[in-house]
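# Observations on the three-dimensional arrangement
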Amino acid sequence: MNKLEHIWLSNLDISNKNKFKLISKFESIENLYNCSLDDLIDLGIKEDTCYKILNKDTKEKALKDLEYIEKNNINLISFEDKEYPKKFKNLDDKPVSIYVKGDFKILDNEAIGIVGSRIALKESLEISRLSASAFASKGINVISGLAKGIDKYAHLGALDIDIENKKCGKAIGVLACGLDKNSFYPQENLFLYKRIVENGGAVISEYPIGTKPVPYYFPYRNRLISGLSDKIFVVQASNFKSGSMITVNFGLDQGKDIYVYKSKNIENKFFEGNRLLIEEGAKIFKI
């Protein structure tokens, strides 16, 4: 694999589905990378897409990104690589490439996605951490989004398990930004990023180095959280429009089992999403 060409492709402001169509038309990423304007016109590529493909700034950025990932031990894994997660292969909108800091070999291991509100009740935070520890102690990876609230405590719970226990599950964080520290969000959780990697876990992103998070990236990222998860556990969802519910919907489309925490205070407005899921037949999680 030519890393430079794949990094360049990941930097193109074009959807994954259209990237795959372009690769198919040009028969390889190499041909796409080296194409001319005449090549693009002959294949009927739209004008705005031609501009993006031929933009020299994108190739220059790819060179800088390549230098950065090699210096910082970040792996780039393409859909063409044997290391590409098998769990992603059947996604309706799979990423062309992913960036991985840490152990990419664990991405296909048994895993549960733990999701919930950023603004979470103390009860929910405790459940998130305790359940994550329980799963990790049984050798199950814990996947979340490295956000505030439930995500943070899920990662902490997985990290509570002794690192010397080689059979324990690991924490996996899925980002909606680049893997460089300057782009990472929220900055207050940078310590978690570092601990996850040091403890044998992984932090991944489909976004190139230097990509700052924008609102759209977070719900879109959630398809990867559900994609890597064999089951999804909703700890606290305040409503049906929350990020947790978006992850649930992706999970349902992907055929994943959905579990929900049923609090003694289930009538609390902060558990509205939990109530609705239970009413629709989601399984109640018991720790």
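Above this note sits the structure.
Quick summary incoming for the structure in this document. (Residues numbered from 1 in each chain as written. Predicted model: local features only at pLDDT ≥ 70, side-chain atom pairs only at ≥ 80, totals over all residues. Heavy atoms only, no water.)

### A short note on the nonpolar core
Using the following cut-off: We define the nonpolar core as a collection of buried residues of types Ala, Val, Leu, Ile, Met, Phe, Trp, Tyr and Cys that are connected through side-chain atoms lying within 4.5 Å of one another. Burial here depends on accessible area, computed with a 1.4 Å probe over protein chains only, as a share of the maximum for the residue type. Under 20% is buried, over 50% is exposed, and the range in between is partly exposed. Only heavy atoms matter for contacts: two residues are in contact if any of them lie within 4.5 Å across the pair.
Counting residues in each nonpolar core, the largest one holds 87 residues, and the members touching the most others are Ile 53, Ile 114 and Phe 233. Apart from residues no more than four positions distant in its own chain, Ile 114 is found in contact with Ser 128, Ser 131, Ala 132, Phe 135, Val 142, Ile 143, Ser 144, Ile 150, Asp 151, Ala 154, Phe 233 and Val 235.

### A look at the pairing of strand S3 (residues 111–116)
Our working rule: Secondary structure counts use DSSP, requiring at least four H or I residues in a row for a helix and at least two E residues in a row for a strand, with both numbered from the N terminus. In this analysis, strands are considered paired if DSSP registers two or more bridges between them. A crossover counts as right-handed when, viewed with the strands pointing away from the observer, the path leading from the first strand over the helix to the second turns clockwise.
Within S3, six of the six residues are buried, which leaves it mostly tucked inside the rest of the structure. Both faces of S3 are covered, namely the face carrying Ala 111, Gly 113 and Val 115 and the face carrying Ile 112, Ile 114 and Gly 116. Strand direction decides the pairing type here: S3 and strand S4 (residues 141–144), joined by three bridges, are parallel. Bridge pairing in S4 links Ile 112 to Val 142. Traced from S3 through helix H7 (residues 122–137) to S4, the parallel crossover comes out right-handed.

### Quick look at the state of the cysteines
Selection rule: Cysteine sulfurs are considered disulfide-paired once they come within 2.5 Å of each other.
Evaluation of the coordinates by the stated rule reveals zero disulfides. Distance from the sulfur of Cys 35, which forms no disulfide, to the nearest cysteine sulfur (Cys 50) is 7.9 Å. Take Cys 35: its relative accessible area is 9%, and that puts it in the buried class. Classification of Cys 50 as buried rests on a relative accessible area of 6%.

### Some details on the sheet that holds strand S8 (residues 257–261)
The test is simple: Axis definition: a line fitted to C-alpha atoms, over the contacting stretch in the case of helices. Angles run 0 to 180 degrees between N-to-C directions.
What the nine strands build is an open sheet, ordered S1-S2-S6-S5-S4-S3-S7-S8-S9; its pairing is mixed. The sheet is open, and its two edges are formed by strand S1 (74–78) and strand S9 (283–285), each paired on a single side. In this sheet, adjacent strand axes meet at a mean angle of 30 degrees when their direction is disregarded. Summarising the sheet, strand S2 (residues 97–102) and strand S6 (residues 202–205) pair through four bridges and their orientation is antiparallel. Paired with Lys 101 across the bridge in S6 is Val 203. Against the sheet, H7 contacts S3, S4, strand S7 (231–236), S8 and S9, and its axis sits at roughly 155 degrees relative to S7. Relative to the sheet, helix H8 (residues 150–159) contacts S3, S4, strand S5 (171–174) and S7, its axis offset from that of S3 by approximately 145 degrees.

### A few points about the packing of H8 against helix H9 (residues 190–198)
Helix-helix packing is described using two parameters, namely the angle between the two axes and the distance between the axes. Rules: Our angle categories are set so that under 35 degrees counts as roughly parallel, over 145 as roughly antiparallel, 65 to 115 as roughly perpendicular, and the remainder as oblique. If you view the pair so one helix is near and one far, a crossing is left-handed when the near helix is turned anticlockwise from the far one by less than a right angle, and right-handed when it is turned clockwise. Under the convention adopted here, Pro, Cys and the residues Ala, Val, Leu, Ile, Met, Phe, Trp and Tyr are nonpolar, Asp, Glu, Lys and Arg are charged, and Gly plus all remaining residues are polar.
Packing of H8 against H9 leaves a shortest axis separation of 11 Å and a crossing angle of 30 degrees. Comparing their axes, H9 and H8 come out roughly parallel. As for how H8 packs across H9, the hand of that crossing is left-handed. Residue-level inspection shows Lys 152, His 155, Leu 156 and Leu 159 of H8 in contact with H9, the latter providing Phe 191, Leu 192, Arg 195 and Ile 196. Its residues assigned to classes, the contact of H8 with H9 shows five nonpolar, one polar and two charged.

### So, the pattern of salt bridges
Stated precisely, the cut-off is as follows: In what follows, salt bridge is the name for a side-chain nitrogen of Lys or Arg lying within 4 Å of a carboxyl oxygen of Asp or Glu.
The full count for this structure, using the stated rule, is eight salt bridges. Two residues, Asp 230 and Lys 87, come together in a salt bridge whose shortest N-O distance is 3.1 Å. Here Lys 87 lies in the loop between S1 and S2 and Asp 230 lies in the loop between helix H10 (217–228) and S7, a separation of 143 residues in the sequence. Judged by relative accessible area, Asp 230 falls into the partly exposed class, the value being 33%.

### Regarding helix H11 (residues 243–253)
Where we set the bar: Starting at the helix axis, one direction is taken to each C-beta atom, and the arc is that of these directions.
Ser 244, Met 245, Thr 247, Val 248 and Gly 251 are the residues of H11 that are buried. Angular distribution of buried residues about the axis of H11 spans 155 degrees; they occupy a single face of the element. Residue Gly 255 follows H11 closely and has a positive phi angle near 80 degrees.

### Describing the environment of Lys 64
Position of Lys 64 relative to the elements: it lies in helix H6 (residues 56–71). Considering only alpha carbons, one finds Lys 64 and Cys 35, 29 residues apart in sequence, at a separation of 21 Å.

### Looking at the side chain of Ser 10
Where we set the bar: We call two N or O atoms a polar contact when they sit within 3.5 Å, provided that within protein one can donate a hydrogen and the other can accept it, with sequence-adjacent residues counted only if both atoms are side-chain atoms.
Along the chain, Ser 10 falls in helix H1 (residues 3–11). Within the structure, the side chain of Ser 10 is placed 2.8 Å from the backbone oxygen of Ile 7, a separation counted as a polar contact. With residues up to four places along the chain from it excluded, the contact list for Ser 10 reads Lys 19, Tyr 99 and Pro 208.

### Considerations on the environment of Ser 36
Position of Ser 36 among the secondary structure elements: in the loop between helix H3 (29–33) and helix H4 (37–42). Classification of Ser 36 by relative accessible area gives partly exposed; the value is 30%. Remark: the alpha-carbon pair of Ser 36 and Cys 50, spanning 14 residues in sequence, is separated by 9.2 Å.

### Side note on the packing of aromatic side chains
Short version of the rule: Centres within 6.5 Å make a pair out of two Phe, Tyr or Trp rings, where for Trp the six-membered ring is used; the pair is then stacked when the planes are under 30 degrees apart, edge-to-face when over 60, and tilted otherwise. Two conditions define a charge located above a ring, namely a distance within 6 Å from the ring centre to NZ of Lys or CZ of Arg, and an angle within 35 degrees of the ring normal.
According to the stated counting rule, one finds 11 aromatic pairs in the structure shown. Pairing Trp 8 with Tyr 33 gives two aromatic rings, centres 5.1 Å apart and planes at 90 degrees, and the pair type is edge-to-face. Of this pair, Trp 8 sits in helix H1 while Tyr 33 sits in helix H3, and the two are 25 residues apart along the sequence. A cation sits over an aromatic face here: Lys 59 above Trp 8, 5.9 Å from the ring centre. The side chain of Arg 118 reaches across the aromatic face of Phe 218, ending 5.4 Å from its centre.

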